Amino acid sequence: MKYETIGDIKVPKIGFGTWRIGGGSSADNSVDSKSLAALRSALEMGYTLFDTAEMYADGHAEELLGKAMQESRLARSSLFVTSKVEASHLQYDQVLRACEASLRRLGSEYLDLYLIHWPSAGMKLADTFRALNELVQNGKVRHLGVSNFDLKLLGQARQVSQSALLTDQVPYGLADRDYVKNGVLEYCRNNNILLTAYSPLEIGKLSSNKKLLSVARAHRTTPHQVALAWLASQPRVITIPMSFDPKHQSENLEAADLVLTAEELNELKGIS
Ligand SMILES: NC(=O)c1ccc[n+]([C@@H]2O[C@H](COP(=O)([O-])OP(=O)(O)OC[C@H]3O[C@@H](n4cnc5c(N)ncnc54)[C@H](OP(=O)(O)O)[C@@H]3O)[C@@H](O)[C@H]2O)c1
């Protein structure tokens, strides 16, 4: 596995997403066994970064991730767990309550990373960050970040946060370059912030793109692995694909170590 390092913080280039674990926007117990199986296999095959949110399956994704982590008997310190406070909980006391509830569901004393999931129209960032920074001071949260923040909001968040922001989690992949075009990726690079690429495998029609298929063939891999390797090759970019399928999970993990040539990277730059 390759890592991104910022100071003494080391974050894997490829982690595991948990959207659809335990349901969609509400809990669905009929997918519990499938969800636990996916989490168990991800933990067994060596994923150490897990991305979840209070909003996923209305907290049930966190419950199942907590159960799978406890069962694995892996040391908590060997894992890196991210969760997110939802856009309707951004007032000071709501943030503190939301974090406590996430920790309880995860069965953990701390989060490695806590993000504002989405900006909301009426949010008061100074108020939200007062709570977030308090959580850092109390040891409940190691690092802070944001998600779906554009350049302007990211700058505002940095101004009101006492702790450095570790990431902006945004959609990014071969088929979605919006956060390159809007300047967020460059800003992250210039300010030692990780860009966490979500939905990296939403490549749609690109999975049959000739250039992508030819790069995949040259490495005896799949277009999806190339899509992840392309992200992992970029400085300050990490990504969090999700899969229920153990074969896909292991392909995705291995993609971090797939080295694409400068020529291939250049070819892929032009497709979207
Ligand atoms: N911050 C936010 O607002 C936000 C928004 C969206 C997502 N996220 C996070 O980002 C994570 C990933 O995004 P996502 O779940 O939307 O999409 P994704 O990981 O890009 O794609 C998931 C889809 O790709 C398939 N897949 C996975 N690996 C594959 C492979 N090797 N070959 C072929 N197909 C493969 C999966 O099917 P199988 O299960 O069949 O493999 C699934 O249908 C989420 O789980 C969540 O943690 C955050």
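Here the structure is a predicted model, which is why all the values come from computation and not from measurement. (Residues numbered from 1 in each chain as written. Predicted model: local features only at pLDDT ≥ 70, side-chain atom pairs only at ≥ 80, totals over all residues. Heavy atoms only, no water.)

Chemist: Would you mind showing me how to read the nonpolar core here?
Modeler: What tends to happen in soluble globular proteins is that the nonpolar side chains get buried as a cluster. Residues Phe50, Tyr114, Ile116, Phe129, Phe149, Leu174 and Leu268 are the most contacted members of the largest nonpolar core, which totals 74 residues. Considering every element that reaches this core, the biggest residue donor is helix H9 (residues 223-232), with six residues. Beyond its immediate chain neighbours, meaning those up to four positions away, Tyr114 contacts Ser83, Lys84, Val85, Val95, Ala98, Cys99, Leu132, Leu135, Val141, His143, Leu144 and Gly145. Leu49, Leu113, Leu194 and Tyr198 belong to the second largest nonpolar core, which has 12 residues in total. (Core = buried A, V, L, I, M, F, W, Y, C linked by side-chain atoms within 4.5 Å. Buried < 20%, exposed > 50% of the residue type's maximum accessible area, 1.4 Å probe, protein only. Helix = DSSP H or I, 4+ residues; strand = E, 2+ residues; numbered from the N terminus. Contact = heavy atoms within 4.5 Å.)

Chemist: Hey, could you run me through the pairing of strand E6 (residues 111-116) in this one?
Modeler: Strand residues, when the strand is regular, have side chains that alternate between the two faces of the sheet. With respect to burial, E6 is a largely interior element, six of its six residues being buried. The sheet contact formed by strand E5 (residues 80-85) and E6 spans four bridges and is parallel. The residue bridging Val85 from the neighbouring strand is Ile116, located in E6. In the classification by handedness, the crossover that spans E5, the intervening helix H3 (residues 92-106) and the parallel E6 is right-handed. (Pairing = 2+ DSSP bridges. Right-handed = clockwise from strand over helix to strand, strands pointing away.)

Chemist: I would appreciate a short explanation of the site of the ligand in the present structure.
Modeler: In the vicinity of the ligand, 27 residues are found, and the nearest of them are Asp51, Leu201, Met242, Ser243 and His248. One of the side-chain nitrogen or oxygen atoms of Tyr56 is found 3.4 Å away from a nitrogen atom of the ligand. Ranked by the residues each element gives to the shell around the ligand, the list is headed by helix H10 (residues 246-254), at three residues. For the shell around the ligand, a count of residues per class yields 10 nonpolar, 11 polar and six charged. (Near = heavy atom within 4 Å. Polar contact = N/O pair within 3.5 Å; in protein donor to acceptor, adjacent residues only side chain to side chain. Nonpolar A, V, L, I, M, F, W, Y, C, P; charged D, E, K, R; others polar.)

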